[in-house]
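A look at the structure
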Amino acid sequence: MAPRRSRSASEHDSDDDSYEVLDLTEYARRHHWWNRVFGRNSGPIVEKYSVATQIVMGGVTGWCAGFLFQKVGKLAATAVGGGFLLLQIASHSGYVQVDWKRVEKDVNKAKRQLKKRANKAAPEISTLIEESTEFIKQNIVVSGGFVGGFLLGLAS
């Protein structure tokens, strides 16, 4: 804390008047963590490139992520659907008998546990969402390119 200006002893109403209040939350928002770790001239590498380059970088990474998401999603859907199909065939053939009362009891127990965990995780999730939103706002060009590329990757 730095003194604002010199005053005589009679002018001091309290010690709080002689110091400037420093808002650390605003300071932390303006000074990114990489500046504290790596120095002033460092920052996200993307900020050093033109807008077109940022869009291309975001688009290419988004397309790759969307393409992989599509392939993995198809594989997962095929595996889950095939598993259900095999279970239905086994059930109708008499190889498997399902205790539906036990299934209902286990599903209700799982619901209660999920509700408890969701309430505990809510502050962490909201913090993560706020940080993600701030990151997207600060890197809007790359984020826009990524979203576009991701959608193209899903479509291809």
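Residue positions are counted from 1 within each chain, in the order its sequence is given. Two thresholds apply to this predicted model, a pLDDT of at least 70 for residue-level local features and 80 or more for giving and counting side-chain atom pairs, whereas whole-chain, interface and lining totals are computed over all residues. Each side-chain value is worked out from all heavy atoms of the structure, with water and hydrogens disregarded.

By the naming in an unreviewed UniProt entry, the chain goes by FUN14 domain-containing protein 1 and is assigned to Eublepharis macularius. UniProt positions are given in the numbering used here, feature names are shortened, and annotations may be inferred rather than shown by experiment. For the chain, the Sequence similarities (unreviewed entry) comment in UniProt is given as "Belongs to the FUN14 family."

1. A word on the overall build of the chain
Only runs of H or I of at least four residues qualify as helices and only runs of E of at least two qualify as strands under DSSP, and these elements are numbered from the N terminus. In terms of helices and strands, the chain carries five helices and zero strands. Listing every helix and strand of the chain by position from the N terminus yields α-α-α-α-α. With a 1.4 Å probe rolled over the protein chains alone, any residue whose accessible area is under 20% of its type maximum counts as buried; one over 50% counts as exposed, and the rest are partly exposed. Taking all 156 residues of the chain together, 12% fall into the buried category. Two residues qualify as a contact provided that any one of their heavy atoms is within 4.5 Å of a heavy atom in the partner residue. At a minimum sequence separation of 6, the contacts of the chain that also span at least 24 residues come to 60%.

2. Brief notes about the packing of helix 3 (residues 51-93) against helix 5 (residues 140-155)
Running from N to C, helix 3 and helix 5 point in directions that differ by 35°, and their axes come no closer than 6 Å. Considering only the axes of helix 3 and helix 5, their crossing is right-handed. A class-by-class count of the residues in the contact of helix 3 with helix 5 yields 12 nonpolar, 10 polar and no charged. Every axis corresponds to a line fitted to the C-alpha atoms, with the helix fit spanning only the stretch in contact, and the corresponding angles, defined between N-to-C directions, vary from 0 to 180 degrees. The crossing is said to be left-handed when, going from far helix to near helix, the turn is anticlockwise and less than a right angle, and right-handed when the turn is clockwise. Gly is placed with the polar residues, together with every amino acid not listed as nonpolar (Ala, Val, Leu, Ile, Met, Phe, Trp, Tyr, Cys and Pro) or charged (Asp, Glu, Lys and Arg).

3. A look at the layout of surface pockets
Put simply, the second largest pocket is a space of about 160 Å³. If you trace the second largest pocket, you find it lined by Phe 84, Leu 87, Gln 88, Ser 91, Val 96, Val 98 and Trp 100. Along the lines of polarity and charge, the residues of the lining of the second largest pocket split into five nonpolar, two polar and no charged. Using a grid of 1 Å spacing that covers the protein atoms alone, one calls a set of points a cavity when a 1.4 Å probe fits there but cannot get out, and a pocket when the set is open and has protein on both sides within 12 Å along at least five of seven lines; lining residues are those with an atom within 4 Å of a point. Grid points are joined across faces, edges and corners, and a volume is the space filled by probe spheres set on the points.

4. Concerning a nonpolar patch on the surface
Nonpolar side chains (Val, Leu, Ile, Met, Phe, Trp, Tyr) within 5 Å and like charges within 9 Å form the patches, drawn only from residues with over 30% relative accessible area and no salt bridge. Each accessible area is a Shrake-Rupley result for a 1.4 Å probe, and residues are judged covered by the shown protein chains and nothing else. When a carboxyl oxygen of Asp or Glu is within 4 Å of a side-chain nitrogen of Lys or Arg, the pair counts as a salt bridge. A cluster of nonpolar side chains, namely Val 80, Phe 84, Leu 87, Tyr 95, Val 96, Val 98, Trp 100, Val 103 and Val 107, defines an oily patch on the protein surface of about 940 Å² accessible area. Breaking the nonpolar patch down by element, the ones donating at least two residues are helix 3 and helix 4 (100-138). On the secondary structure map, Val 98 appears in the loop between helix 3 and helix 4. Val 98 gets classed as partly exposed once you look at its relative accessible area, which sits at 37%.

5. Thoughts on the packing of aromatic side chains
Each pair of aromatic rings taken from Phe, Tyr and Trp, with Trp reduced to its six-membered ring, is defined by centres within 6.5 Å and is described as stacked if the planes are under 30 degrees apart, edge-to-face if over 60, and tilted in the remaining cases. Applying the stated criterion to the full structure yields three aromatic pairs. On the numbers, 5.8 Å between centres and 50° between planes, the contact of Phe 69 with Phe 150 is tilted. You can see Phe 69 sitting in helix 3 and its partner Phe 150 sitting in helix 5, a full 81 residues away along the chain. Residue classification places Phe 69 among the exposed residues on the basis of a relative accessible area of 54%. Judged by relative accessible area, which is 22%, Phe 150 ranks as partly exposed. Ring pairing ties together the aromatic residues Phe 69, Phe 146 and Phe 150, which thus form one cluster.

6. Points about helix 3
To estimate the expected span of a helix, count its residues, drop one, and scale the result by 1.5 Å. In this model, helix 3 (43 residues) spans 62 Å end to end at C-alpha, consistent with the 63 Å of a helix rising 1.5 Å per residue. For helix 3, the complete set of buried residues consists of Gln 54, Gly 58, Gly 59, Gly 62, Gly 66, Gln 70 and Ala 90. Of the surrounding secondary structure, the elements contacted by the buried residues of helix 3 are helix 5. Phi for Gly 94, located one or two positions after helix 3, is positive at around 95°.

7. Overview of helix 5
An ideal rise of 1.5 Å per residue puts 22 Å on 16 residues; helix 5 measures up with 23 Å between its terminal C-alpha atoms. By the burial criterion, the buried members of helix 5 are Val 142, Ser 143, Gly 145, Gly 149 and Gly 153. The buried residues of helix 5 occupy an angular sector of 160° when the element is viewed end-on, so they sit on one face. Opposite the buried face of helix 5, by more than 90 degrees, sit the exposed residues Ile 140, Leu 151 and Ala 155. The reported arc concerns the directions from the helix axis to the C-beta atoms and nothing else.

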